[in-house]
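As a plain string of letters, each chain reads:
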Amino acid sequence: MGDSRITIAVSKSLITHSVNRKDNSLITICHDSPADTSLRELFERATVECENRTPCTLWSLLIDHDGVSIWDCTMHPPKDVTDWPLGTFAETTGLRSKTLFDAGWFPSGKIYILANDVSIHDAIGVSQDKYDDRQYNNQQIIQDASDNIQTRVQLVGNDLPLGQSQMPSQVLSAVTKRFMDDHQDAEQALAAAKMEQRRNKMKATAKERERNRKLDERIQKLDQQAQGKSKTVSEQVQRMLIKSRATGRPELQQHDRLYFRCLVLDGIDDESAVKEEYRYFSPQDTMGRIASSFTVSADKQTELLVRRRVMPALMEHCDGIAFDYRRLPTLQRLHEAVFQGFISEFDRLVIRVYDADNEAPTASVEEVDSFTIENTESGGESMPIDADCPQVATNTKNSCAKDGFEVATGPVYDRIMLQFTALDAKSKGKKPSAAAVKVRQMQMKSKATGDAKRIKNVMDRFFVELIMAVDDGNNVTLTSSHIFLARTDTIERILADFPAHLCGSGWNNEFLVVTESALHRVTDTNMPLAEAERRGILKCFDPIILRIYKES
């Protein structure tokens, strides 16, 4: 820690008998000791010269003289510490000891050893009045100081006449009033900025509604022209026509393609800049990739719009428009938009081409309707959102999405459950250990069949135990095999990759999963396997039952 330098002043009357007891002369010495030295050790080690020029310890002075006082003058005011070395902290160690550091004498300290009849103030040569804070208790001094301040200072924000005495509350109120004008100006500026922001938002909303109205009129006009030129065909024939004329990435296999009618609009008012194309995309493509696949000039941007129906209760806020258009998020994948109900295969996608410097992008499907925001900001209540319409607001689109599976009940499913339990004899009894589960997974990986050329990385494979349940109406036969697919593949992809499991025409199929010792029917077979695993419907290495049954 270091050493402490202690300055010790001792009265001469304690050292020699030839000096008058009333003599205030002192002998000063300096002593260096470690900061962890006790007070007892300090007084035993520090020495002064007596009248015979023999060294004399301070401890002997304290013992030989009864009338001795010790003062700590390290800080003001001086403190009487006579009892420290002689009583309270007389030991060198233990609880009854005190170090120089604890005494506050580090890195330096100052001690006066005086006779009892010598005043500490006389010894240090300073008047007591100099250190007493009497000026704060003298009313005359306070009044003189107040008069002096009043004749020189006028508080800003105080209306009292100059020179008049002021109460503390009046002084504080003057400080408050000083910034009151600035506060009012700031509030007015903030209110004006909010009003301007609301006006701009209302203008943008009106402009967007007008753009949606023109867009809908143009699309309806194009549909009428197309109907007048061609004969009416069935929906199935139209889909076949779209598939035959659609363009896209040729490396995509047939079962990985989703077909759409794409209408490219370069400007709302320019009727000539319209063309409709048939395209197919991968379910893993994002909306940004789809929009950027259309060729436009370098100074323009594209966005993908979908048509949605407006609730009847909200049509009065949309100027009677029954449909409007919203932008799909750039990072949203195609299979997610299909699963959430925003679009479906063979629907029309509107690709809007616009100038980002002069035009604003269309509101996203994840944003709340602008008319609801305006009504809320103006002090009214926001309009209710219909939970059956997933495109109206973000907070309802997830609630419209189904869970993807439902409970399957009935005698047929009871028989399937009994045979499934009997199929795996190892499932009875104790729960398998972690090592046994690991071994089973390794065996499944080695025996599983699938498209290894398409899914080269093992980490991208999703292994399942496919259990075929053939129901001919009288009996149900179960067979098991191990297969793997890509984690991005849909559940329905099993039928395309393993067609040998199908029984031909006249047979239907459904997928069943076992959860909590019960059978559940998969209602959304377009769900990717990774999404099914995330939602707890089907995990990797779990069994999935493909029930094949005759049409009733």
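Residues numbered from 1 in each chain as written. Predicted model: local features only at pLDDT ≥ 70, side-chain atom pairs only at ≥ 80, totals over all residues. Heavy atoms only, no water.

Enquirer: Looking at this structure, I do not really get the overall build of the protein chain. What am I missing?
Expert: Helix and strand counts for the protein chain stand at 18 helices and 18 strands. By the burial criterion, 36% of the 552 residues in the protein chain qualify as buried. In the protein chain, 66% of the contacts between residues at least 6 apart in sequence involve partners at least 24 apart. Carbon and sulfur atoms make up 51% of the accessible area of the protein chain, which amounts to about 32,800 Å² in all. (Helix = DSSP H or I, 4+ residues; strand = E, 2+ residues; numbered from the N terminus. Buried < 20%, exposed > 50% of the residue type's maximum accessible area, 1.4 Å probe, protein only. Contact = heavy atoms within 4.5 Å. Areas by Shrake-Rupley, 256 points an atom, 1.4 Å probe, with all protein chains shown as cover.)

Enquirer: Can you help me understand the sheet that holds strand 6 (residues 79–80) in this one?
Expert: Strand pairing in a sheet relies on backbone hydrogen bonds, with the paired strands running either antiparallel or parallel. Reading across from one edge, 2-1-7-5-6 is the order of the 5 strands in this open sheet, with mixed pairing throughout. Either end of the sheet is taken by a strand with one partner, and the two such strands are strand 2 (26–34) and strand 6. One ladder, built from 6 bridges, connects strand 1 (residues 3–11) with strand 7 (residues 108–115); its direction is parallel. For Ala9, the partnering residue across the bridge sits in strand 7 and is Tyr112. (Pairing = 2+ DSSP bridges.)

Enquirer: What exactly am I supposed to notice about the pairing of strand 15 (residues 476–486) here?
Expert: Side-chain positions along a regular strand alternate between the two faces of the sheet. As paired strands, strand 14 (residues 461–471) and strand 15 are joined by 11 bridges and run antiparallel to one another. Looking at the pairing, Phe463 lines up with Phe484 of strand 15. In this structure, the hairpin formed by strand 14 and strand 15 is closed by a connection of 4 residues, where Gly473 is found at a positive phi of approximately 100°.

Enquirer: For this particular structure, what's the right way to read unusual backbone geometry?
Expert: The omega angle of the peptide bond from His76 to Pro77 is 0°, so this bond is cis rather than trans. Turning to its location among the elements, Pro77 is positioned in the loop between strand 5 (68–72) and strand 6. Residues Phe106 and Pro107 are joined by a peptide bond in cis, for which omega reads 5°. One non-glycine residue, Phe346, adopts positive backbone phi at about 70°. Summarising the element assignment, Phe346 is placed in the loop between helix 12 (334–339) and strand 12 (348–354).

Enquirer: I keep staring at the nonpolar core and nothing clicks. Help me out?
Expert: Ile8, Val10, Leu58, Trp105, Tyr112 and Ile113 are the most contacted members of the largest nonpolar core, which has 36 residues in total. Mapped onto this core, the elements with two or more residues apiece are strand 1, helix 1 (12–15), helix 2 (39–45), helix 3 (58–64), strand 5, strand 7 and helix 5 (120–124). Of all the elements, strand 7 adds the most residues to this core, at 5 residues. In this structure Tyr112 touches Ala9, Leu26, Ser69, Ile70, Trp71, Cys73, Ile120, Ala123 and Ile124, once residues within four positions along its chain are discounted. (Core = buried A, V, L, I, M, F, W, Y, C linked by side-chain atoms within 4.5 Å.)

Enquirer: Explanation requested: the packing of aromatic side chains in the structure shown.
Expert: Two numbers describe a pair of aromatic rings. These are the distance of the centres and the angle of the planes. Throughout the structure, instances matching the rule amount to 7 aromatic pairs. When the centroid spacing of 5.7 Å and the interplanar angle of 50° are considered together, the rings of Phe463 and Phe484 count as tilted. Taken together, the residues Phe463 in strand 14 and Phe484 in strand 15 connect sequence positions 21 residues apart. On the basis of relative accessible area, Phe463 is assigned to the buried category, the value being 3%. Given a relative accessible area of 4%, Phe484 falls into the buried group. Feature note: the residues Trp84, Phe89 and Trp105 constitute an aromatic cluster, connected by ring pairs. Its end group placed over the ring of Trp59, Arg40 keeps NZ or CZ at 4.0 Å from the ring centre. Of note, Lys98 hangs over the ring of Trp84, and the distance from its end group to the ring centre comes to 5.4 Å. (Phe/Tyr/Trp six-rings, centres within 6.5 Å; stacked < 30°, edge-to-face > 60°. Lys NZ or Arg CZ within 6 Å of the ring centre and 35° of its normal.)

Enquirer: Before we go on, may I ask you to explain the sheet that holds strand 18 (residues 543–550) in this structure?
Expert: Strands sit in the order 13-17-16-18-14-15 across an open sheet of 6 strands; the sheet is mixed. Of all the strands in the sheet, just strand 13 (405–407) and strand 15 have a single pairing partner and so form its edges. Direction aside, the axes of adjacent strands within the sheet are offset by 35° on average. In the sheet, strand 16 (residues 507–515) pairs with strand 18 via 7 bridges, with the strands oriented antiparallel. The residue of strand 18 that forms the bridge with Asn508 is Tyr549. The strands that helix 16 (residues 434–447) touches are strand 14 and strand 15; relative to strand 14, the one it contacts most, it runs at about 80°. (Axes fitted to C-alpha atoms, helices over the stretch in contact; angles between N-to-C directions.)

Enquirer: Explain the environment of Gly67 here, please?
Expert: Secondary-structure assignment places Gly67 in the loop between helix 3 and strand 5. Taking C-alpha positions, Gly67 is 5.2 Å from Asn116, a pair spaced 49 residues apart along the chain.

Enquirer: Is there a simple way to explain the pattern of salt bridges in this structure?
Expert: Once the charged atoms of two side chains with opposite charge are near each other, the side chains can pair. Scanning all chains against the criterion turns up 24 salt bridges. With a closest N to O distance of 3.2 Å, Asp471 and Arg547 form a salt bridge. Residue Asp471 is found in strand 14, and its partner Arg547 is found in strand 18; the two are separated by 76 residues along the sequence. Judged by its relative accessible area of 5%, Asp471 is buried. Among the charged side chains, a network of salt bridges with common partners joins Asp256, Asp451, Arg454, Asp489 and Arg493. (Salt bridge = Lys/Arg side-chain N within 4 Å of Asp/Glu carboxyl O.)

Enquirer: Honestly, the environment of Thr37 in this entry has me stumped. Any pointers?
Expert: Summarising the element assignment, Thr37 is placed in the loop between strand 2 and helix 2. Taking the relative accessible area as the measure of exposure, Thr37 reaches 3% and is therefore buried. Here the alpha-carbon distance between Thr37 and Leu100, two residues 63 residues apart in the chain, equals 5.9 Å. If we skip the residues at most four places from it in the chain, Thr37 touches Leu42, Arg45, Lys98, Thr99 and Leu100. At a separation of 2.9 Å, a polar atom in the side chain of Thr37 contacts the main-chain carbonyl oxygen of Pro34. (Polar contact = N/O pair within 3.5 Å; in protein donor to acceptor, adjacent residues only side chain to side chain.)

Enquirer: Quick question: what am I supposed to make of the pairing of strand 7 here?
Expert: The buried count for strand 7 comes to 6 of 8 residues, which makes it a mostly enclosed element. Note that strand 5 and strand 7 share 5 bridges and pair antiparallel. Each residue of the ladder has a partner; that of Trp71, found in strand 7, is Tyr112.

Enquirer: It is not clear to me how the confidence of the model for the protein chain should be interpreted in this structure. Could you clarify?
Expert: Close inspection of predicted coordinates is inappropriate for parts of the model with low pLDDT. Overall, the predicted model of the protein chain reaches an average pLDDT of 77, with 75% of residues at or above 70. Note that pLDDT drops below 50 for residues 311–316; the model gives that stretch 14 contacts with residues more than four away or on any other chain. (pLDDT = per-residue confidence, 0-100.)

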